Amino acid sequence: MKIVNARLRQKPQLHTLEITAGLFSQISEQSSSIECPEGAIDAGGMLLCAPFVEPHIHLDAALTAGEPNWNQSGTLFEGIERWSERKPMLNEADIRRRVLETIELLVQNGVQHIRTHADISDPSLVGLKTLCTLRDELKDKIDLQVVAFPQDGLLSFPNGLQLMEEALEFGADVVGGIPHFEYTRDLGVESMKTVIELAKKYDRLVDVHCDEIDDPNSRFLEVLACEALFNELGSRVTASHTTAMHSYDNAYCSKLFRLLKNSGINFISCPTESIHLQGRFDTYPKRRGLTRVKELREAGINVCFAEDSIFDPWYSLGNGKLLRSLDFGLHICQMMGYRDFESALDLITDNSARTLNIQDRYGIETGKPGNFILLDGEDDYSVLRKQGDVLLSVRLGEVIMQREPARVTSARYIQD
Ligand code: 17E
Ligand code: FE2
């Protein structure tokens, strides 16, 4: 496959790219726009970028909002309660149908790599088993990582630890946790130590729902980061949400950031989800409840954005468009300076790939897999501003999604 007239990130010139046997074989600068040779793809000066990465989504719960009851309060905790009413209705066919529909939506919006959580607070483990099976079935089509996520507590849910070990033995890629939801602070701390021990025992990654609460006293992040540091696992560990960090005072954060930086752990923020679920116990002023994305970035800590939910008991909107999450995130975190815009796509591409530990096979570089998307714009800034659709998605040199750009069909009106 050959692509001409493509713009690459942080490079103003046009480029020609070639993919041979599924890998980028040549990437060269053009001195000017060229005519598209027969059989090649003309990028038309649009931005060619590595595929979007969805690093945190609950595929097992996707498309279940309102079944059987709607989350009326909009809190995380009512979401967990509503989901526990849907859980007994789960079966393999139901999960497969919703997961495939949701993955299709993500692919249509330029995603090629996904990390999904699978709730293992369920003695049947049907969600986890179905997601691991789908991961293997779809391995030539999409990259899927499955987190064994103990929604109702690793140590507070009956046999939670046993279910976790069963999930890891079945083949879950990532160990999850939820310390702020354990019955006590002590159990929360113990759960973080257990998660790291399990990651070592089974040689897996870690991704914890960590401090997803407005409580400034929820401080499990320091335990997770410290355990990661002492066990030299930092780059393999992720703290998701960490919304309590929004409510920590600055003095504590100042001390905490030294540990975070030294640990090398990754962060995932879910802007639409957190702006919706957090601040729910406030009147006014009302907290935004997003982790300190701007400050983490400035400290050189890896952070990325995710959607978390698509039409589920926690969040009843969502459409697979990571550009929407990015737009929300930059607004809510007040990352609206020119420098932020210039590199904005890092938050849904490169940083997310690093979080998933797939950076060795991700990116527009010769020798790497020939995966890319074509975006409606010339650079990060214009793509973000236009909020256009993803126009093309290519995997290993094969087109997996192509879309005609939307266009206005009526004549000019004002400047007639
Ligand atoms: N479960 C949880 O604990 N937190 C969330 N944000 C979702 C599920 C979506
Ligand atoms: Fe989540």
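Given the structure is predicted, the values throughout are model-derived calculations rather than measurements. (Residues numbered from 1 in each chain as written. Chains lettered and ligands numbered in written order. Predicted model: local features only at pLDDT ≥ 70, side-chain atom pairs only at ≥ 80, totals over all residues. Heavy atoms only, no water.)

Visitor: Help me get a handle on the coordination of the iron ion (ligand 2), residues and values and all.
Guide: Perfect tetrahedral coordination of a metal by four donors corresponds to 109.5 degrees between them, and perfect octahedral coordination by six donors corresponds to 90 or 180 degrees. Only His56 (NE2), His58 (NE2), His209 (NE2) and Asp308 (OD) from the protein coordinate the iron ion (ligand 2), and they sit 2.1 to 2.3 Å from it. One way to put it: the 4 donor atoms around the iron ion (ligand 2) meet at angles of 84 to 176°, and that makes the site irregular. (Donors = N, O, S within 2.8 Å, 3.2 Å for Na, K, Ca; no water. Tetrahedral: all angles 85-135°; square planar, octahedral: opposite > 155°, others 65-115°.)

Visitor: Please set out the site of ligand 1 residue by residue, giving values where relevant.
Guide: Close to ligand 1 lie His58, Leu76, Phe149, Gln151, Ile178, His209, Glu212, His241, Glu273, Asp308, Ser309 and Trp314. Between Gln151 and ligand 1, the recorded distance is 2.7 Å, taken from a side-chain N or O atom to a nitrogen atom. Separating a nitrogen atom of ligand 1 from a side-chain N or O atom of Glu273 is a distance of 3.5 Å. By residue class, the composition of the shell around ligand 1 is 4 nonpolar, 5 polar and 3 charged. (Near = heavy atom within 4 Å. Polar contact = N/O pair within 3.5 Å; in protein donor to acceptor, adjacent residues only side chain to side chain. Nonpolar A, V, L, I, M, F, W, Y, C, P; charged D, E, K, R; others polar.)

Visitor: Report on unusual backbone geometry, specifying residues and quantitative values.
Guide: With an omega dihedral of -5°, the bond running from Glu67 to Pro68 counts as a cis peptide bond. Of the consecutive residues Tyr284 and Pro285, the connecting peptide bond is found in the cis state with omega at -5°. Looking at the element boundaries, Pro285 is found in the loop between helix H8 (271-277) and helix H9 (293-298). Non-glycine residue Thr242 carries a positive phi angle of around 40°. Counting through the fold element by element, Thr242 comes out in the loop between strand E11 (237-241) and helix H7 (250-263). At Gln387, a residue that is not glycine, the phi angle is positive and equals roughly 50°. On the secondary structure map, Gln387 appears in the loop between helix H13 (380-386) and strand E15 (390-395). (Helix = DSSP H or I, 4+ residues; strand = E, 2+ residues; numbered from the N terminus.)

Visitor: Outline the pattern of salt bridges, supporting the account with residue identities and numerical values.
Guide: Per the stated rule, a full pass over the model turns up 29 salt bridges. A salt bridge links Asp346 to Arg9; the nearest nitrogen and oxygen atoms lie 2.9 Å apart. One end of the pair, Asp346, is in the loop between helix H11 (338-342) and helix H12 (350-355); the other, Arg9, is in the loop between strand E1 (2-8) and strand E2 (11-20), and 337 residues separate them in sequence. By relative accessible area, Arg9 is classed as buried at 14%. (Salt bridge = Lys/Arg side-chain N within 4 Å of Asp/Glu carboxyl O. Buried < 20%, exposed > 50% of the residue type's maximum accessible area, 1.4 Å probe, protein only.)

Visitor: Help me get a handle on the packing of helix H2 (residues 92-108) against helix H3 (residues 126-137), residues and values and all.
Guide: Where H2 meets H3, the axes come as close as 10 Å, and the angle between the chain directions of the two elements is 50°. Taken together, the axes of H2 and H3 are oblique relative to one another. Between H2 and H3 lies a crossing of right-handed hand. Along the contact surface, H2 presents Glu92, Ile95, Arg96, Val99 and Leu100, while H3 presents Val126, Gly127, Thr130, Leu131, Thr133, Leu134 and Glu137. (Axes fitted to C-alpha atoms, helices over the stretch in contact; angles between N-to-C directions. Parallel < 35°, antiparallel > 145°, perpendicular 65-115°, else oblique. Left-handed = near helix turned anticlockwise from the far one by under 90°. Contact = heavy atoms within 4.5 Å.)

Visitor: Before we move on, could you go through the UniProt feature "domain: Amidohydrolase" (unreviewed entry) in the protein chain and cite the residues and values that matter?
Guide: Residues annotated by UniProt as "domain: Amidohydrolase" (unreviewed entry) correspond here to residues 40-380. Taken as a whole, residues 40-380 contains 38% helix and 16% strand, while its terminal C-alpha atoms sit 25 Å from one another. (UniProt positions renumbered as here; feature names shortened; annotations may be inferred.)

Visitor: A description of the side chain of Asp60 should follow, citing residues and the corresponding values.
Guide: Note that Asp60 resides in the loop between strand E6 (52-57) and helix H1 (76-86). No salt bridge is formed by the buried Asp60; its nearest oppositely charged neighbour, Arg98, is found at 6.7 Å. If we skip the residues at most four places from it in the chain, Asp60 touches Trp83, Leu90, Arg98, His117, Ala118, Asp119 and Leu131. (Lys, Arg positive; Asp, Glu negative; His and termini not counted.)

Visitor: Pulling in residues and values, what's your account of helix H6 (residues 220-230)?
Guide: Residue pairs three or four apart in sequence face the same way in an α-helix, which turns once every 3.6 residues. Buried within H6 we find Phe220, Leu221, Val223, Leu224, Ala225, Glu227 and Ala228. Check the buried side of H6 and you find it contacts helix H5 (185-202), strand E10 (205-210), E11, H7 and strand E12 (266-269). In the stretch just after H6, Glu232 is the one whose phi turns positive, near 55°.

Visitor: Which residues make up the sheet that holds E6, and what values go with them?
Guide: Strand order in the open sheet made by the 8 strands is E6-E7-E8-E9-E10-E11-E12-E13, with parallel pairing throughout. Whereas interior strands pair on both sides, the edge strands pair on one side only; in this sheet they are E6 and strand E13 (303-305). Ignoring strand direction, the axes of neighbouring strands in this sheet form an average angle of 20°. Relative to E12, E11 runs parallel, the two sharing 3 bridges. Within E12, the position partnered with Ala239 by the bridge is Phe267. (Pairing = 2+ DSSP bridges.)

Visitor: Mind laying out the nonpolar core, listing which residues take part and the relevant values?
Guide: In terms of nonpolar packing, the biggest core is built from 96 residues, with Phe52, Leu260, Phe267 and Leu326 touching the most fellow members. In terms of residue count, the dominant contributor to this core is H5 (7 residues). Setting aside residues up to four positions removed in sequence, Leu326 forms contacts with Phe305, Ala344, Leu345, Leu347, Ile348 and Leu384. (Core = buried A, V, L, I, M, F, W, Y, C linked by side-chain atoms within 4.5 Å.)

Visitor: Residues and numbers for H5, please.
Guide: When the terminal C-alpha atoms of H5 are compared, their 26 Å separation across 18 residues agrees well with the 26 Å that a helix rising 1.5 Å per residue should span. Among all positions in H5, only Gly188, Val189, Ser191, Met192, Thr194, Val195, Ile196, Leu198, Ala199 and Tyr202 are buried. Check the buried side of H5 and you find it contacts helix H4 (160-170), strand E9 (174-177), E10, H6 and E11. Positive phi shows up at Asp203, right after H5, with a value of about 55°. (Expected span 1.5 Å × (residues − 1).)

Visitor: Provide a residue-level description of the pairing of E12, including the pertinent values.
Guide: The side-chain alternation of E12 yields two buried faces, one formed by Asn266 and Ile268 and the other by Phe267 and Ser269. Taken together, E11, H7 and E12 form a β-α-β motif whose crossover is right-handed. Across 3 bridges, the pairing between E12 and E13 is parallel. Bridge assignment links Ser269 to a residue of E13, and that residue is Phe305. (Right-handed = clockwise from strand over helix to strand, strands pointing away.)

Visitor: Describe the side chain of Arg9, with residues and values.
Guide: A polar atom in the side chain of Arg9 sits 2.6 Å from the side chain of Asp380. In contact with Arg9, other than residues within four places in its own chain, are Leu47, Leu48, Cys49, Ser343, Leu345, Asp346, Thr349, Asp350 and Asp380.

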